[in-house]
Amino acid sequence: MKTGFFIKRRQPAVLSPENQELRAEIDRTRSRLDSVRNHFEQEVDPTLIDCYIYELNATQLRYQFLLRRFKHLEEA
């Protein structure tokens, strides 16, 4: 007897225009986070290192905020 397993693939949800814009902002913020992290890792000047630390923290907080907002809108 042959048995098979079928994996149900989740259909991509149709996003509202607001969710599409929010998703695009999340992508831009993730890209900015990668860029700031890269600059931070390459920097040697102590003053600029401090600047990148602040920018990295601010961008991470923004990213977390956007993710929470997106999740909240998806649940509604």
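Above this text you will find the structure in question.
Cut-offs and rules
Numbering of residues begins from 1 in every chain and follows the order in which that chain's sequence is written. Residue-level local features of this predicted model are given only where pLDDT is at least 70; pairs of side-chain atoms are given and counted only at 80 or more, and the full residue set underlies all totals for whole chains, interfaces and linings. The side-chain quantities take in all heavy atoms of the structure and omit both hydrogens and water. Comment: elements are numbered from the N terminus, with helices defined as DSSP H or I runs of at least four residues and strands as E runs of at least two. For a helix, the expected span equals 1.5 Å multiplied by the number of residues minus one. Each residue is assigned to one of three classes by its accessible area relative to the maximum for its type, calculated with a 1.4 Å probe on protein chains only: buried under 20%, partly exposed between the two thresholds, exposed over 50%. Contacts are residue-level and defined by heavy atoms, with any inter-residue pair within 4.5 Å sufficient. Any N or O atom pair separated by 3.5 Å or less is treated as a polar contact, with the protein-specific requirement of one donor-capable and one acceptor-capable atom, and with residues adjacent in sequence counted only for side-chain atom pairs. Here, the term nonpolar core denotes a set of buried Ala, Val, Leu, Ile, Met, Phe, Trp, Tyr and Cys residues that are joined through side-chain atoms within 4.5 Å.

1. Things to note about helix H2 (residues 46-75)
Phase 1: With 30 residues, H2 ought to run about 44 Å at 1.5 Å a step, and its terminal C-alpha atoms sit 44 Å apart, in line with that.
Phase 2: Every buried residue belonging to H2 is among Tyr52, Leu56, Thr59, Tyr63, Leu66 and Phe70, and all of these are buried.
Phase 3: Looking at the buried residues of H2, the elements they touch are helix H1 (17-42).
Phase 4: Capping the start of H2, Asp45 holds a side-chain oxygen 2.9 Å from the backbone nitrogen of Thr47, two or three residues further along.

2. Focus on the nonpolar core
Phase 1: By size, the foremost hydrophobic cluster in this structure holds 9 residues: Leu22, Ile26, Leu33, Val36, Tyr52, Leu56, Tyr63, Leu66 and Phe70.
Phase 2: The set of elements that each furnish at least two residues to this core consists of H1 and H2.
Phase 3: Setting aside chain neighbours within four positions, we find Leu33 in contact with Leu56, Thr59, Gln60 and Tyr63.

3. Some words on the side chain of Asn19
Phase 1: You can see Asn19 is positioned in helix H1.
Phase 2: Polar side-chain contacts of Asn19 include one of 2.9 Å to the side chain of Glu74.
Phase 3: Excluding anything up to four places from it in sequence, Asn19 contacts Phe70, Leu73 and Glu74.

4. Quick word on H1
Phase 1: Taking 1.5 Å per residue as the helical rise, H1 with its 26 residues ought to reach 38 Å, and the 38 Å between its terminal C-alpha atoms agrees with that figure.
Phase 2: Burial in H1 covers these residues: Asn19, Leu22, Ile26, Thr29, Leu33 and Val36.
Phase 3: Those residues of H1 hidden inside the fold are in contact with H2.

That's the geometry; what it means functionally is another story.
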